[in-house]
There are 6 protein chains.
Amino acid sequence: MPLIRTTLADKIGTIAFDHDDKRNALGADLIAEVIAALDSFKADGARVVVLRSASGGKVWSAGHDVGELPRADVDPLPYSDPLEQLLRAVKAFPAPVIAMVHGSAWGGACDLVMACDLVMGDETCAFAITPAKLGLPYNVAGILNFMSRLPLTVVKEMFFSANLISAERAERVGIVNQVVPAASLEAETYAMARTIASRSSKAIAASKEAIRVLSESVPINPATYEYLHGLRRDVYFGPDYHEGTAAFLEKRAPKF
Amino acid sequence: MPLIRTTLADKIGTIAFDHDDKRNALGADLIAEVIAALDSFKADGARVVVLRSASGGKVWSAGHDVGELPRADVDPLPYSDPLEQLLRAVKAFPAPVIAMVHGSAWGGACDLVMACDLVMGDETCAFAITPAKLGLPYNVAGILNFMSRLPLTVVKEMFFSANLISAERAERVGIVNQVVPAASLEAETYAMARTIASRSSKAIAASKEAIRVLSESVPINPATYEYLHGLRRDVYFGPDYHEGTAAFLEKRAPKF
Amino acid sequence: MPLIRTTLADKIGTIAFDHDDKRNALGADLIAEVIAALDSFKADGARVVVLRSASGGKVWSAGHDVGELPRADVDPLPYSDPLEQLLRAVKAFPAPVIAMVHGSAWGGACDLVMACDLVMGDETCAFAITPAKLGLPYNVAGILNFMSRLPLTVVKEMFFSANLISAERAERVGIVNQVVPAASLEAETYAMARTIASRSSKAIAASKEAIRVLSESVPINPATYEYLHGLRRDVYFGPDYHEGTAAFLEKRAPKF
Amino acid sequence: MPLIRTTLADKIGTIAFDHDDKRNALGADLIAEVIAALDSFKADGARVVVLRSASGGKVWSAGHDVGELPRADVDPLPYSDPLEQLLRAVKAFPAPVIAMVHGSAWGGACDLVMACDLVMGDETCAFAITPAKLGLPYNVAGILNFMSRLPLTVVKEMFFSANLISAERAERVGIVNQVVPAASLEAETYAMARTIASRSSKAIAASKEAIRVLSESVPINPATYEYLHGLRRDVYFGPDYHEGTAAFLEKRAPKF
Amino acid sequence: MPLIRTTLADKIGTIAFDHDDKRNALGADLIAEVIAALDSFKADGARVVVLRSASGGKVWSAGHDVGELPRADVDPLPYSDPLEQLLRAVKAFPAPVIAMVHGSAWGGACDLVMACDLVMGDETCAFAITPAKLGLPYNVAGILNFMSRLPLTVVKEMFFSANLISAERAERVGIVNQVVPAASLEAETYAMARTIASRSSKAIAASKEAIRVLSESVPINPATYEYLHGLRRDVYFGPDYHEGTAAFLEKRAPKF
Amino acid sequence: MPLIRTTLADKIGTIAFDHDDKRNALGADLIAEVIAALDSFKADGARVVVLRSASGGKVWSAGHDVGELPRADVDPLPYSDPLEQLLRAVKAFPAPVIAMVHGSAWGGACDLVMACDLVMGDETCAFAITPAKLGLPYNVAGILNFMSRLPLTVVKEMFFSANLISAERAERVGIVNQVVPAASLEAETYAMARTIASRSSKAIAASKEAIRVLSESVPINPATYEYLHGLRRDVYFGPDYHEGTAAFLEKRAPKF
Ligand code: NI
Ligand code: NI
Ligand code: NI
């Protein structure tokens, strides 16, 4: 039984998370379906894709399925991690991907929103990046994804406090392009999609790729990278990652 | 007959576009006059320059003169393009250049505003970057000019939708420093200019140049650059650029 | 007699400037105390530090003690400058540092706020970067510190005009995370501090360091750097630096 | 009739140019065969590939088929150029490629040798890079390929004089790993191939890819790249490229 | 019982490996002694350090103690690895370190020689980098250490074949500064050390640090780095690393 | 009375140092003449320039005129230093510059040779970089100029020992393109010059500029650069620079 619903009409593809009992968590199965849908849309020449929740529930997506995170002593966010694959697939998709966000996006889902090209939200949208609650050292490319989007102080507030950013603030700090009333979110999102679909898809694809390259271009030396990776490694071999994930699964507050 | 008007008083230079019947389009002739004015102001020790429209019409500038764009199969935005020369002249000018924007700035004119150091606007100011309507692959340095200024999602919305950004939003996302009522735009702009002119022009020149270098410093490898240029080349050798420019000149919607 | 007051409670350290008759200027003595306090907090495992003014006066800090700036013909902001050391100490501190700003922050103090991880302010907070008034060529790393935080047009307005940015605008452009009423500034700041202290300090430390590295990563070639340094050198060997600092100490307007 | 011969034995693939009447020129047809052979070897798990000439004639390969070079006014070395595709295929091949060079390698063939991982030659091997004779502006990534291999003065001598570098000097300056007598070239080359094939192919593939990334990592800003591309463009739109290619095809000396 | 011998005379420090029965393998204990010796020399103001083998045996150092390498499924060369610490200590030492090499240097010892500032060798010196025999994916900073020293084709030959480079070739390709007869190696090395000790140690320290920074400056994007690390990870989680290390310890040829 | 002799024939310019009693030291006057000659050759369309000594004496050039070096407490190698200007003029000259070296090149003259495109020498040529004898901290761009040319161990040996590199070794390590007998140096140099002059000067100019950009592209962060500059500053404000220059002028050995 599929975990997402997809449609393609007028060159506009739609991918809707449809896994309410897991609060649309980004488990490996759901991610595989999303990547397959993107591949299919690409083959069919979609000129824009809308990424949304099917149900309109309170949670747009709960993010990583914490139960699927690797055990302690292993990097929880390696290059081959399914979510990492999804983020790359969205960024490399040759047409704009619009996140249409009703409800809250947590952790990896927040990172996914940041990987989308445009973000349309309503008054219920909210965003939190939660690794500081899990004792999980976020990967450098993931941190950069946020830094390429948001003011530095906001990035730090999000990563250090793990607090939820409300819709009003999300618009002000640039997480979303526009916050519109919930009743018109769908209409506004698809209006934007239709506009984009009417433009030159070739010119858009070339500029999306240039923007991707430029926004990822924050080069650091190998020695520096290995130092940062060493800091991360000390965390995932240390007690915080164990305690944070255990507490989450036991639905209790962690003791760091 | 000149296409611009210039004055220099109290170390404040003013360049006013004055070519209403072409909606102040940035044709080669007008650009040559602007560059000459900048050279002259530099020689005369101007400490700040205001770039404005003379007429106060609805269009600050229509941007590239599409009729002057090169034919298909040739890069429409080479290094030697007059507009590219103008953008470099503004960035290299050793004193701040303030764009005073009443009305709309389109395409290349929008890029020009982004090349200015400060932007003062009123409630009529509006900004659109239009290559996706022309099927024109924008150059990488030009895209970076927007990325160095604006939140990433806004850059993408502008490049992918080609929609006009209103004054209110332009202030919120950082295109303009301040939006003031039309009646006081001139007064506020020149007040800012006088303040800047009273400061140490040498210290300002050194910091403007450092900011230019730092903001352009998004280094990418030659192999990557040639890949991006190859994507652009496929567009200007392909059908979209031909159709987009033809439709524009025929005043019809393009069929991409 | 100490120039600061410090406390550490519940893993939250507080450093309060307490030098009213110098308007909390960042002189070498005060800086040495702040750095010592940071070292001590680090040894004691502080999970967050609040940096504030003790008195609640109109000036949070006046910035560099201009009387301590080096004579003309010498770089006023070398690597070993006490303020430069303080900025590095704040950035390298392995836990978040929150600037709690009541009143105005001038020059070097404005740079210090930009070096903090989060900024909480009230309606009196205001920020100005003043080297253009002193004829002082700011150092490249310092300019980058502002560019990594603020929209480019705001950076330029601040450096070129030396004008004060008000609380309302400081929130809009991203200098502060939140502006709250003066009466609740302390409560809100320490609430944020407690939240951060409850998270995984190890995961936060690793991400703070990654963010620091990424935000400082704007690499430029040695030849370019030496060119920029040459521009600065021409200013501090030239008349503007002499006139600007003299005028400041004589409490008169400089004649540039 | 194929223009190359291929074999695969003991995990060692061999690709031999076999187009004597065109002096093994790297025309689009021959290149397509080589790329197809590499794809096939990759699928079959080859652990090393030897690239050689079948005939043992005086010319290892004449390089670009000048008759296939684009007309004037078009970039002769775009990203999609067949030779550029071949160079990328060799560099991206997940196992070492050894150039076994008997005879001379000209122009594009010289670039191809530089793209191989190891180079074994005999006393007849010789190397020239000839764009200065054709009035052809070489692409930046291509120049970097030489710079990543050879001392800077040698790169300049080769590009500015277009002179042939002899076997003895090629060994001294690092073009070839080893020069051995012609009679033992094949034996020595395949001995090296067998050694490599006995090692961990996975560890080798990972290090080859890291070396590729590091050696291509000479990042430059978009503005700088567009300036360099502008210089190249002035050449291929100018008289030298027309005269150089015409003279070559007419087998006469060019008059620059 | 110490594993090294140290002396300091005339500002020249000497560290001699003295662990013949382990062939001077770079185990954690020996490394700790070397780092402590460097710290002590630094405190005592040594102006140059000579790194040598005490015994003059056939092996200068066998490199990593393979028995100490981490088990499969863990990165064998993390940032905190003792050898990595030693390499950084040598590079950061504020005076030149001269490797005086009699005999062969294997694997990590070969990397150590590359980390030294100058290399003096005699006719017995020889160098091999052996991870391709162990199925061990070398770290990116380590590969760069070789690339900053040696011609690219030589780096590839060494990493892909794991063959030993002889003294004669080591001098030609730039591994050693000078190969001298074994009888005069000590005399020549200390003559060089005395010359260096007579120069301005402050000027030397500043230039050594600049050279270190410049030679490590090959910046790559986080996304690219994580891709390369992912390739390495696939190797150390895969069969080759297990087989390679097992075969080594069992003194048999590995079957990859 | 001019300090150089110049000729231009067959598009080949020659600049000969002719200041024997100062051993062709690179004083400000001589440098001004060389730069003027380059400007003149550029205006006249020279396709190659030969830089040589007129007299054929034992010293090609003594380098910096130490008597002209700035006093202590000031950077001895600022961007505006005449020699720095000369090095930039040679690198920016739009045609190859060949150093024809008979005799020894010291300090700044050695740097100048490294700035030339090709180097032809005879058995008397020799090269030393001497700042470690003067207690002078070399500038970062200058160190990079050597690193872009020579093997790293050789750069370190030269900077740390200040020893002279002989002709034989200079050829082996890549300082010179070719060492030829003194009797044929002139003939061989001008033969090379004629070959270059016969090629496409436009294609050569474009590739020279690309090579310059690529070879200078070793980007480092502002914070890192300021750290390195701080190390240099500690030296030129410290005792070694004072003692080194004083000893040189007093023709005695320095006591560091
Ligand atoms: Ni790892
Ligand atoms: Ni300085
Ligand atoms: Ni092009």
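Residues numbered from 1 in each chain as written. Chains lettered and ligands numbered in written order. Predicted model: local features only at pLDDT ≥ 70, side-chain atom pairs only at ≥ 80, totals over all residues. Heavy atoms only, no water.

- Going by what an unreviewed UniProt entry lists, chain A is known as Methylmalonyl-CoA decarboxylase and is assigned to Reyranella humidisoli.
- Under the UniProt heading Sequence similarities (unreviewed entry), the entry covering chain A gives this text: "Belongs to the enoyl-CoA hydratase/isomerase family." (UniProt positions renumbered as here; feature names shortened; annotations may be inferred.)

## Remarks on helix α2 (residues 82-92) of chain D
All names here are of chain D.
Phase 1: Within α2 the residues assigned to the buried category are Leu83, Glu84, Leu86, Leu87 and Val90. Buried residues of α2 fall within an arc of 160 degrees about the axis and therefore sit on the same side.
Phase 2: As for α2, its buried residues are in contact with α1 (28-43), β5 (97-101), α3 (108-115) and α9 (201-216). (Buried < 20%, exposed > 50% of the residue type's maximum accessible area, 1.4 Å probe, protein only. Helix = DSSP H or I, 4+ residues; strand = E, 2+ residues; numbered from the N terminus. Arc of directions from axis to C-beta. Contact = heavy atoms within 4.5 Å.)

## Quick notes on the interface of chain F and chain D
Phase 1: If you look at the interface, chain F gives 33 residues, while chain D gives 32 residues.
Phase 2: Interface area, chain F with chain D, both sides summed: about 2,900 Å², of which 67% is carbon and sulfur.
Phase 3: The three residues of chain F that bury the most area against chain D are Arg199, Ile211 and Leu214 of chain F, which together make up 23% of that side's buried surface.
Phase 4: Across the salt bridge formed by Lys156 of chain D and Asp117 of chain F, the nearest N and O atoms sit 2.8 Å from each other.
Phase 5: Counting every contact that joins chain F to chain D gives 11 residue pairs in polar contact (both at pLDDT 80 or more).
Phase 6: Elements with a minimum of two residues in the side of chain F that touches chain D: α8 (182-198) and α9 (201-216) of chain F.
Phase 7: Among the elements that take part in the side of chain F that touches chain D, α9 of chain F stands out by supplying 13 residues, more than any other.
Phase 8: Tallied by class, the residues present in the side of chain F that touches chain D amount to 14 nonpolar, 11 polar and 8 charged. (Buried area = accessible area lost by both parts, 1.4 Å probe. Salt bridge = Lys/Arg side-chain N within 4 Å of Asp/Glu carboxyl O. Polar contact = N/O pair within 3.5 Å; in protein donor to acceptor, adjacent residues only side chain to side chain. Nonpolar A, V, L, I, M, F, W, Y, C, P; charged D, E, K, R; others polar.)

## Quick look at the sheet that holds strand β1 (residues 4-9) of chain A
All names here are of chain A.
Phase 1: Reading across the sheet, the 6 strands line up as β1-β2-β3-β5-β7-β9 and stay open at both edges, with mixed pairing between neighbours. If you trace the sheet from one side to the other, it starts and ends with β1 and β9 (178-179), each paired once.
Phase 2: For β1 and strand β2 (residues 12-17), the ladder comprises 6 bridges, and the chain directions are antiparallel. Looking across to β2, one finds that Thr6 is bridged to Ile15. (Pairing = 2+ DSSP bridges.)

## Let's talk about the packing of aromatic side chains
All names here are of chain C.
Phase 1: Applying the stated criterion to the full structure yields 33 aromatic pairs over all chains.
Phase 2: Centre to centre, the rings of Phe146 and Phe159 are 5.1 Å apart; their planes meet at 80 degrees, and the pair counts as edge-to-face. With Phe146 in helix α5 (residues 140-147) and Phe159 in helix α6 (residues 152-161), the pair connects residues that are 13 residues apart, well separated along the chain.
Phase 3: For Phe146, a relative accessible area of 0% gives the class buried. (Phe/Tyr/Trp six-rings, centres within 6.5 Å; stacked < 30°, edge-to-face > 60°.)

## Quick look at the interface of chain E and chain A
Phase 1: Facing 24 residues of chain E, the contacting portion of chain A comprises 24 residues.
Phase 2: Across the interface of chain E and chain A, roughly 2,100 Å² is buried in total on both sides, 60% from carbon and sulfur atoms.
Phase 3: Taken together, chain E and chain A are joined by 0 salt bridges.
Phase 4: Inspection of the chain E/chain A interface yields 12 residue pairs in polar contact (both at pLDDT 80 or more).
Phase 5: Counting residues per element, the ones that place at least two in the side of chain E that touches chain A are α5 (140-147) and α10 (222-236) of chain E.
Phase 6: Among the elements that line the side of chain E that touches chain A, the one with the most residues is α10 of chain E, at 8 residues.
Phase 7: Residues that form the side of chain E that touches chain A fall into these classes: 14 nonpolar, 6 polar and 4 charged.

## Considerations on the arrangement of the chains
Phase 1: Contact between chain C and chain D is absent, and the least distance between their C-alpha atoms amounts to 9 Å.
Phase 2: Of all C-alpha pairs spanning chain B and chain E, none lies closer than 9 Å, and the two are not in contact.

## Here we look at the coordination of the nickel ion (ligand 2)
Phase 1: All of the protein donors around the nickel ion (ligand 2) are His229 of chain C (NE2) and His229 of chain F (NE2); their distances to the metal are 2.2 to 2.3 Å. In this pair, His229 of chain C sits in helix α10 (residues 222-236) while His229 of chain F sits in helix α10 (residues 222-236), so the two residues belong to two different chains. (Donors = N, O, S within 2.8 Å, 3.2 Å for Na, K, Ca; no water.)

## Some points on unusual backbone geometry
Phase 1: A positive phi is found at Lys11 of chain E, a non-glycine position, where the angle reads about 65 degrees.
Phase 2: Topologically, Lys11 of chain E is positioned in the loop between β1 (4-9) and β2 (12-17).
Phase 3: Positive phi, normally seen in glycine, also occurs at Asp10 of chain F, with a value near 55 degrees.
Phase 4: Positionally, Asp10 of chain F belongs in the loop between β1 (4-9) and β2 (12-17).
Phase 5: Residue class for Asp10 of chain F comes out exposed when judged on its relative accessible area of 69%.

## Here's the deal with the pairing of strand β3 (residues 48-53) of chain E
Residues and elements named next belong to chain E.
Phase 1: Here β3 lies mainly inside the structure; 6 of its 6 residues are buried.
Phase 2: Both faces of β3 are covered, namely the face carrying Val48, Val50 and Arg52 and the face carrying Val49, Leu51 and Ser53.
Phase 3: Bridging between β2 and β3 involves 6 bridges; their strand directions are parallel. The residue bridging Thr14 from the neighbouring strand is Val50, located in β3.
Phase 4: Chirality of the crossover, the property in question, places the unit of β2, helix α1 (residues 28-43) and β3 among those that are right-handed.
Phase 5: For β3 and strand β5 (residues 97-101), the ladder comprises 3 bridges, and the chain directions are parallel. Residue pairing across strands places Val50 opposite Ile98, the latter belonging to β5. (Right-handed = clockwise from strand over helix to strand, strands pointing away.)

## What about the relation of the copies chain E and chain A?
Phase 1: With an RMSD of 0.0 Å, chain E superimposes on chain A once it is rotated by 180 degrees and translated 0.0 Å along the axis. Taken together, the rotation angle and the small translation identify this as a two-fold axis. Across chain E, the rotation axis passes nearest the C-alpha of Pro219 of chain E, at a separation of 2.4 Å.
Phase 2: By residue overlap, the copies meet face to face through one surface: 100% of the interface positions of chain E are interface positions in chain A. (Least-squares fit on C-alpha atoms with pLDDT ≥ 70 in both.)

## Re the sheet that holds strand β6 (residues 104-106) of chain A
Residue and element names in this part refer to chain A.
Phase 1: The strand order β4-β6-β8 describes an open sheet built from 3 strands, whose pairing is parallel. Of all the strands in the sheet, the pair left with one neighbour each is β4 (59-61) and β8 (126-128). The sheet shows a mean angle of 25 degrees between the axes of neighbouring strands, direction not considered.
Phase 2: As paired strands, β4 and β6 are joined by 2 bridges and run parallel to one another. Note on β6: the bridge partner recorded for Ser61 is Ala105.
Phase 3: Across the sheet, helix α3 (residues 108-115) is in contact with β4, β6 and β8; its angle to β6 comes to roughly 105 degrees. (Axes fitted to C-alpha atoms, helices over the stretch in contact; angles between N-to-C directions.)

## Looking at the environment of Ala205 of chain E
All names here are of chain E.
Phase 1: Within the fold, Ala205 resides in helix α9 (residues 201-216).
Phase 2: Overall, the relative accessible area of 24% leaves Ala205 in the partly exposed class.
Phase 3: Sequence separation between Ala205 and Gln178 is 27 residues; the distance between their C-alpha atoms is 23 Å.

## Considering the relation of the copies chain F and chain D
Phase 1: Between chain F and chain D, which share one sequence, the superposing operator has a rotation angle of 120 degrees and an axial displacement of 0.0 Å; the RMSD is 0.0 Å. Seen this way, the second copy is the image of the first under a three-fold rotation axis.
Phase 2: Little of the interface of chain F is mirrored in chain D, where only 3% of its interface residues are also at the interface.

## Structural notes on the pattern of salt bridges
Phase 1: Within this structure, the stated rule accounts for 78 salt bridges over all chains.
Phase 2: With a shortest N-O distance of 2.8 Å, Lys208 of chain F and Asp117 of chain F are connected by a salt bridge. Separated by 91 residues along the polypeptide, Lys208 of chain F in helix α9 and Asp117 of chain F in the loop between α3 (108-115) and β7 (118-121) bring together distant segments of the chain.
Phase 3: The partner of Arg212 of chain F in a salt bridge is Glu209 of chain F, with the nearest N and O atoms 2.9 Å apart. Here Arg212 of chain F and its partner Glu209 of chain F are both found in helix α9, 3 residues apart, which amounts to about one turn of the helix.
Phase 4: Residues joined by salt bridges that share partners form a network here, namely Asp117 and Lys208 of chain A together with Lys156 of chain B.

## Section: α9 of chain E
Residues and elements named next belong to chain E.
Phase 1: When the terminal C-alpha atoms of α9 are compared, their 22 Å separation across 16 residues agrees well with the 22 Å that a helix rising 1.5 Å per residue should span.
Phase 2: Most of α9 is tucked away: 12 of the 16 residues are buried.
Phase 3: For α9, the set of buried residues is Ala203, Ile204, Ala206, Ser207, Lys208, Glu209, Ala210, Ile211, Val213, Leu214, Ser215 and Glu216. (Expected span 1.5 Å × (residues − 1).)

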